[in-house]
Amino acid sequence: MNEIARYGVREALSARTDLEVKAEELRLLGYTTLDAGLSSADLNALSDGFDRGRKDYEEIAAGKGVNLAAIQESDTIRVLPMVSPQFWAVVFNERLHELLSQLLGDYYILNQVNGLINRGNGSKYGQSAYHRDLPYQHFVSSRPIAINALFAVDDFTIENGATRVIPASQHMEAFPSDGTVKNLQHQVAVPRGTFIVLDCMLYHSGALNTTSADRRAVNHVFTIPMLRQQLHLPSIIGDKMELSEWQKKILGFGLDEFRSLEDWFAARASKN
Ligand SMILES: O=C(O)CCC(=O)C(=O)O
């Protein structure tokens, strides 16, 4: 039974569960939020792990003679779980994957998982300009092909630069005019431990952090398997981790292009 009064409606959607409602919200507005269901102790451990991972990552980069600031990479910890393994549990969060499979179907892969640091005191932040996570793309698709699950390590507030979105902008090819952006833009304030789940074609950005503390987050971009990963995760992970078949599929194992006709024919033959 529908409870919401309506008239002249012959076709209507129905969502039975909270997650189905969230999926519907995302398809319409381009974003929703999802509590990862973690305890305060879990979140404190992730917070400490983030800082340790950041320090290790900076040391690894320095050891390779890389100046992260000089290459505009000091806001980002690429493949954060490699230096802070407890973040793998966030990558494979069960509730998140229930939502992702409603949005992307039963085969999608992790394109990138990066720690993000929006520094305090009004510092410059690499994600502070509006963008799509599939940059330079201006097509519109009838359903999401890529989703960013942005995990809040700290509370996201208006003051510390909570993510800004232009609702429903994934449905329009061009970037909206300034007046429209000013009228529609909305900052998504959430408590730590929440995923802000975005259609990657939604225009969004970080915002100015005017507090004195860094605002930390982890982005997780999941895409249909046709899209290339930012870093080839199977090469980076190698055989260093024990993974289930499902986890390997999400991380993009077994997806490399065929290198010869012989390999293609052998793969086809193995399906019969
Ligand atoms: O840090 C934020 O609030 C936004 C992050 C972002 O734009 C991204 O992950 O693409």
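Our subject is the structure listed above.
Predicted model, so just to flag it, every value in this text is computed and none were measured.

About the criteria used
Residues numbered from 1 in each chain as written. Predicted model: local features only at pLDDT ≥ 70, side-chain atom pairs only at ≥ 80, totals over all residues. Pairing = 2+ DSSP bridges. Helix = DSSP H or I, 4+ residues; strand = E, 2+ residues; numbered from the N terminus. Axes fitted to C-alpha atoms, helices over the stretch in contact; angles between N-to-C directions. Contact = placed C-beta atoms within 7 Å. Near = placed C-beta within 6 Å. Nonpolar A, V, L, I, M, F, W, Y, C, P; charged D, E, K, R; others polar. Buried ≥ 20, exposed ≤ 12 C-beta atoms within 10 Å, placed from the backbone. Arc of directions from axis to C-beta. Core = buried A, V, L, I, M, F, W, Y, C linked by C-beta atoms within 7 Å.

**Q** Teacher, can you tell me more about the sheet that holds strand β7 (residues 194–199) here?
**A** Within a sheet, adjacent strands bond to each other through the backbone by hydrogen bonds, running parallel or antiparallel. Ordered in space as β1-β7-β4-β9-β3-β2, the 6 strands form an open sheet in which the pairing is antiparallel. The open sheet has two edge strands with one neighbour each: β1 (31–35) and β2 (76–78). Across the sheet, the mean angle separating the axes of adjacent strands is 25 degrees when strand polarity is ignored. Direction of pairing for β1 relative to β7: antiparallel, over a ladder of 5 bridges. By the bridge assignment for β7, L34 is matched with F195. Relative to the sheet, helix α5 (residues 94–104) contacts β1, β4 (146–152), β7 and β9 (215–223), its axis offset from that of β4 by approximately 160 degrees.

**Q** Can you help me understand the environment of G37 in this one?
**A** Tracing the backbone through its elements, the reader meets G37 in the loop between β1 and α2 (40–63). C-alpha separation for the pair G37 and D18, spaced 19 residues apart in sequence, amounts to 14 Å.

**Q** How do you make sense of the site of the ligand when you look at a structure like this?
**A** Residues in contact with the ligand, as listed here, are L116, N118, Q127, D133, N148, L150, T163, H204, S205, G206, A217 and N219. Within the shell around the ligand, the residues separate by chemical class into 3 nonpolar, 8 polar and 1 charged.

**Q** I'm lost on the sheet that holds strand β8 (residues 204–205) in this one. Help?
**A** The strand order across the open sheet formed by 3 strands is β6-β5-β8, and the pairing between neighbours is antiparallel. With partners counted over all chains shown, the strands left at the sheet margins are β6 (186–187) and β8, one partner each. Note that strand β5 (residues 164–165) and β6 share 2 bridges and pair antiparallel. Paired with V165 across the two strands is H186, which belongs to β6.

**Q** I'm lost on α5 in this one. Help?
**A** The periodicity of an α-helix, 3.6 residues per turn, causes residues three or four positions apart to be oriented the same way. Turning to α5, its buried residues are L96, L99, L100, L103 and L104. The buried residues of α5 occupy an angular sector of 110 degrees when projected down its axis, which confines them to one face. Contact partners of the buried residues in α5: α1 (18–29), β1, β4, β7 and β9.

**Q** Can you help me understand the nonpolar core in this one?
**A** Across soluble globular proteins, you tend to see nonpolar side chains buried next to one another. I147, F151, F195, V197, V218 and F222 are the most contacted members of the largest nonpolar core, which totals 54 residues. Per-element accounting of this core gives the leading share, 6 residues, to β4. Discounting residues that sit within four places of it in the chain, V197 has contacts with L26, Y31, T32, T33, L34, L99, I147 and A149.

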